[in-house]
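# Geometric and topological summary
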Amino acid sequence: MNKHPWDIFTMNVNDMLSEIKPGEKHAASLRREDKSLTFVCTNSIRWGGSKESDLKKIRKTKLIKSVTNENKSLKIEPNYEELAESIFNFYSTNKNVFDQERDEQKWIVEYSQPNTHKAFHIGHFRNVVTGDFIVRIARKFGINVIPANYIGDIGTHVLKALLGWELAGKPKPPTLEQEPNLDLSRWLGEYYSQWAQRESGSRENFIKEAWSVKDLLNQDSDFEIGEKFKKFKKNKFLISKILKKSTDGRLHSENFKNLNKSAINWKKDLDLQNEIAERWKNKDPELVKDWKKTKKWCMDAFEKIYRLLDVDFEKIYYESDVEEDAIRISNKLVNKNLAEKEGGSVLVDFKKEPYNSNKLDVLPLLRSDGLPLYSAKDLALAELKQNQYKTNKSFYVVGAPQSFYFKQIFKILEQDKKLSELIHIGYEMVDLPEGKMSSRSGNIVAFSELWEEAKKFTKSKSSQKISKKDLEKVTTGALKHLMFSRDFNKRISFKWEEVLSNEGKTGSYLQYAAVRCKRVIEKSGIQPNLKFEKTKMNKDEKTLIFNIFTIQNELKRSFETISPTPLLESLHRLSKAFSNFYHSSPIINKDPELEKFRINLAYCTLKTLEETLKIFGISVPSRM
RNA sequence: GCGCCUGUAGCUCAACUGGCAGAGCGUCGGGCUUCGAACCCGAAGGUUGCAGGUUCGAAUCCUGCCGGGCGUGCCA
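Residues numbered from 1 in each chain as written. Chains lettered and ligands numbered in written order. Predicted model: local features only at pLDDT ≥ 70, side-chain atom pairs only at ≥ 80, totals over all residues. Heavy atoms only, no water.

## Brief notes about the protein's contact with RNA strand B
Short version of the rule: Here a residue is considered near a molecule or strand provided that any single heavy atom belonging to it is located within 4 Å of it. By the criterion applied in these results, polar contacts are pairs of N or O atoms within 3.5 Å in which, for protein atoms, one can donate a hydrogen and the other can accept it, and in which residues neighboring in sequence qualify only through two side-chain atoms.
Around RNA strand B sit 61 residues in total, of which R31, L347, R486, Y509 and Y582 are the nearest. The sugar and phosphate moieties of RNA strand B supply 62% of its atoms located within 4 Å of the protein. A distance of 2.7 Å separates a base nitrogen of RNA strand B from a polar atom in the side chain of E342. G504 is positioned with one of its backbone polar atoms (N or O) 3.2 Å from a phosphate oxygen of RNA strand B.

## Points about the packing of aromatic side chains
We describe a pair of aromatic rings using the distance from one ring centre to the other and the angle between the two ring planes. Applicable threshold: Planes of paired rings set the category: under 30 degrees apart is stacked, over 60 is edge-to-face and the rest tilted, where pairs are Phe, Tyr or Trp rings (Trp by its six-membered ring) whose centres lie within 6.5 Å. Exposure categories follow from relative accessible area, calculated using a 1.4 Å probe and restricted to protein chains: below 20% of the type maximum is buried, above 50% is exposed, and the middle band is partly exposed. Over a ring means this: the NZ of a Lys or the CZ of an Arg is within 6 Å of the ring centre and within 35 degrees of the ring normal.
Scanning the model with the defined rule gives 38 aromatic pairs in all. Judged by centre distance (5.1 Å) and plane angle (65 degrees), the ring pair of Y405 and F406 falls under edge-to-face. For the pair Y405 and F406, one class covers both residues: buried. Each member of the aromatic cluster is reached from another via a ring pair, and the members are Y111, F120, F125, F302, Y306, F313 and F447. Here the basic side chain of K315 rests over the ring of Y317, its NZ or CZ set 5.3 Å away from the ring centre. Directly above the aromatic system of Y396 lies the positively charged group of K385, at a separation of 4.2 Å from the ring centroid.

## A look at unusual backbone geometry
Heads up, the rule is: To qualify as a helix, a DSSP run of H or I must reach at least 4 residues; to qualify as a strand, a run of E must reach at least 2; elements of each kind are numbered from the N terminus.
Along the chain, E353 connects to P354 via a cis peptide bond; the corresponding omega equals -5 degrees. The phi angle at Q113 is positive, at roughly 40 degrees, despite the residue not being glycine. Secondary-structure assignment places Q113 in the loop between β5 (106-110) and α5 (122-140). Judged by its relative accessible area of 16%, Q113 falls in the buried class. Its identity is not glycine, yet N356 carries a phi of approximately 50 degrees, on the positive side. If you trace the backbone, N356 turns up in the loop between β9 (345-349) and β10 (362-366). Its relative accessible area of 47% is what places N356 among the partly exposed residues.

## What to know about the sheet that holds β5
To keep things clear, this is the line we draw: Pairing between two strands requires that DSSP report at least two bridges joining them. To define axes, lines are fitted to C-alpha atoms, for helices over the stretch in contact only, and angles between the resulting N-to-C directions are given on a 0 to 180 degree scale.
Taken in spatial order, the five strands make up an open sheet running β7-β6-β5-β11-β12, and their pairing is parallel. In this open sheet, the two strands that pair with only one neighbour each are β7 (315-318) and β12 (421-427). The average angle at which neighbouring strand axes cross in this sheet is 25 degrees, direction not considered. By the bridge criterion, four bridges tie strand β6 (residues 144-151) to β7 in an arrangement that is parallel. From the neighbouring strand, Y150 faces β7, where its bridge partner is Y317.

## Overview of the packing of helix α6 (residues 156-167) against helix α10 (residues 257-281)
Definition in use: Throughout, the term roughly parallel applies to angles under 35 degrees, roughly antiparallel to angles over 145, roughly perpendicular to angles from 65 to 115, and oblique to all others. Here is the rule for handedness: rotate from the far helix to the near one, and if that takes an anticlockwise turn smaller than a right angle the crossing is left-handed, while a clockwise turn gives right-handed. It only takes one pair of heavy atoms within 4.5 Å for two residues to be counted as in contact. Asp, Glu, Lys and Arg are counted as charged, while Ala, Val, Leu, Ile, Met, Phe, Trp, Tyr, Cys and Pro are counted as nonpolar; the rest, among them Gly, fall into the polar class.
In contact at an axis separation of 10 Å, α6 and α10 are set at 110 degrees when each is read in the N-to-C sense. Taken together, the axes of α6 and α10 are roughly perpendicular relative to one another. Considering how the two elements wind past one another, α6 and α10 form a crossing that is right-handed. The residues of α10 that touch α6, namely those facing L159, K160, L162, L163 and E166, are L272, Q273, I276, A277, R279 and W280. For the contact of α6 with α10, the residue count by class is seven nonpolar, one polar and three charged.

## Focus: the sheet that holds β9
Overall, antiparallel pairing links the three strands, which are arranged β8-β9-β10 in an open sheet. Unpaired on one side and paired on the other, β8 (340-342) and β10 mark the two borders of the sheet. The average angle at which neighbouring strand axes cross in this sheet is 40 degrees, direction not considered. Packed on one face of the sheet, helix α14 (residues 403-413) meets β9 and β10 and runs near 70 degrees to β10.

## Remarks on the packing of helix α19 (residues 539-561) against helix α20 (residues 565-584)
Put simply, α19 and α20 touch, their axes get as near as 9 Å, and they point 170 degrees apart. With respect to each other, α19 and α20 are oriented roughly antiparallel. Packed against α19, whose contacting residues are D540, E541, T543, L544, N547, I548, I551, E554, L555, R557 and S558, the element α20 presents T565, P566, L567, S570, L571, R573, L574, A577, F578, N580, F581 and S584 at the interface. Across the contact of α19 with α20, the residue classes break down as 11 nonpolar, seven polar and five charged.

## Quick notes on the nonpolar core
The test is simple: Among buried residues, the Ala, Val, Leu, Ile, Met, Phe, Trp, Tyr and Cys ones that are joined through side-chain atoms within 4.5 Å form a nonpolar core.
Counting 131 residues, the largest nonpolar core has F9, F88, Y91, W107, L450 and I545 as the members making the most contacts within it. The greatest single-element share of this core, amounting to 10 residues, is contributed by helix α11 (residues 285-309).

## So, the pairing of strand β11 (residues 393-399)
A large share of β11 lies buried, amounting to six of its seven residues. As judged from the four bridges shared by β5 and β11, these two strands associate in the parallel manner. Bridged to W107 within β11 is K393. Bridging between β11 and β12 involves seven bridges; their strand directions are parallel. Residue S394 lies in a different strand from β12, and its bridge partner there is L422.

## Observations concerning the confidence of the model for chain A
For any part of a model where pLDDT is low, the fine detail of the predicted coordinates should not be relied upon. What counts is decided by this rule: The predictor's confidence in any single residue is recorded as pLDDT, a number from 0 to 100.
Confidence in the prediction of chain A, expressed as mean pLDDT, is 91, and 96% of residues score 70 or more. Of all helices and strands in chain A, the one with the weakest mean pLDDT is helix α8 (residues 229-234) (68), whereas β6 scores best (98). Contacts for the low-pLDDT stretch residues 219-227, under 50 throughout, to residues beyond four places or in other chains number 14 contacts. On the interface metric, ipTM, the complex scores 0.96, and its pTM is 0.94.

Quick look at the structure:
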């Protein structure tokens, strides 16, 4: 495999500067100067530039036009004509110009992890594109990557959804004929939301009553008047005690009238939940049948979304598959003194041996009724993944609020030396202007809703001739771009105006540049030959080739930092450079040599955009 | 209380491991008889939350404050 011109260039810079100052990686400190289309070696500033006599001795390669001292820094100007020629050569001999050297590493990336029986919303969407980006960029760097999904198909939220659905009379979902854009996860999520709102409503009501009379109960020695209500709300032990007293009829006074009423109300809801939990525990055939049916609805809905987003999982794990292992592993940890029993529950106390960490606090693994918590299940899943794939790096794409939890989990897993390196990629939440999204309260933007609205908008902006396929490419391009437009650790405040916009720094801008390349090449009737014949380039041609040239570096940075920003920003600079070039320099031209050269430039731009956009899961349409 | 994230132009965000603070939106002005105007050009807009420290040089590193968000034992 021949080398990308950027890699040759940086090697040349290293060799050249090593003659003046041996033993340093000079190219590593190259900084782009966009205005002057040059590079500055920041190391050279540190050692105060170079003597003119030294600079004269330097043997320059053909890619380097001049090396000068400027403000004590070393300025390197590339030779644009040579640059263009080497880019053309490289692009003509490689099918994929950004495929990096093969790597022996094996990674597993766990992402998406939606819960069945709940709507797939924009938060899940951000997760999917984040994980997909990691998978795609790692593959670009020759790494063997296993994309894995972990579906939350059991747990209290599932039972709550089933309960809500049962109470509504187990309605049948609408057919595709009735609702062509049907999203069954969203449809079923409504029943979850209905129940959750009812239950939390009666709970909140009770807690409010309990707070107002709590000092009459003699149970509140830990809670001075003025103590935060929030803290009181979190004290589940105290609250359940008050509930019990109240529903047992032990509180007779007039003062407790409202409290008793709200207690009975909430208790009714709790009983319904306990009842369905009991049925689940006893594997009630009717319930299991319903569960399987509704789970399938949701999985089908997820599959539909994954197809739309062009993501593909090599392995799908279900929470229900690791439940038994989770119990087994928890008990094993107890035997190895890595966890302890406390009543029926099992927990890890990180203050104790062998963890000795004051900061990690305590992590429960099994509930007091013996059922495994998410933590135990994650431990089981980690073991399962490692046994199956024997990776050297394991990524968890999970929301940033869980970073503390993953520190705890990783600490436990690190006790086993066989495991691979564990990395939590935490991305920040997408929230609505009104506040945090919550499927419990129904305050969400479902992905299907987002997609329908965005598609409608795209269609309104598109030419009449646009195909269905291209319409989808533009729509997903816009939506994915929005998710990548901020770094992972920045929250996205969701705004419809931002979705329904196609101007400026958007996915459409990048696609538009690429589409113009396609169309102008097509219109010219010229087959790009990638032969360099022109000798003199204008400013916009230089800027364009400069930006094509430096993409390789930005791609590497994006990979090293696992961050979409460097690459995405550079694609905007490239598209901008192309737009300038397109306006100032007629591609279809009377001068045949000039025309050929510019067609080649457009072709290289197109190839660069197509291949790098693919890393973000974005495709280039042929029309938009 | 403790821990993590965050603060850059009116708004949303960049700034390549310390090296000339830049984009998009919005505002104002200009450009379609010309390869697709989802575009391009020009202008205005900054004490990088505050105060110290390290350095030839700090948005970036260190310390202390202030503001915002999140997490902190049986939900995931």
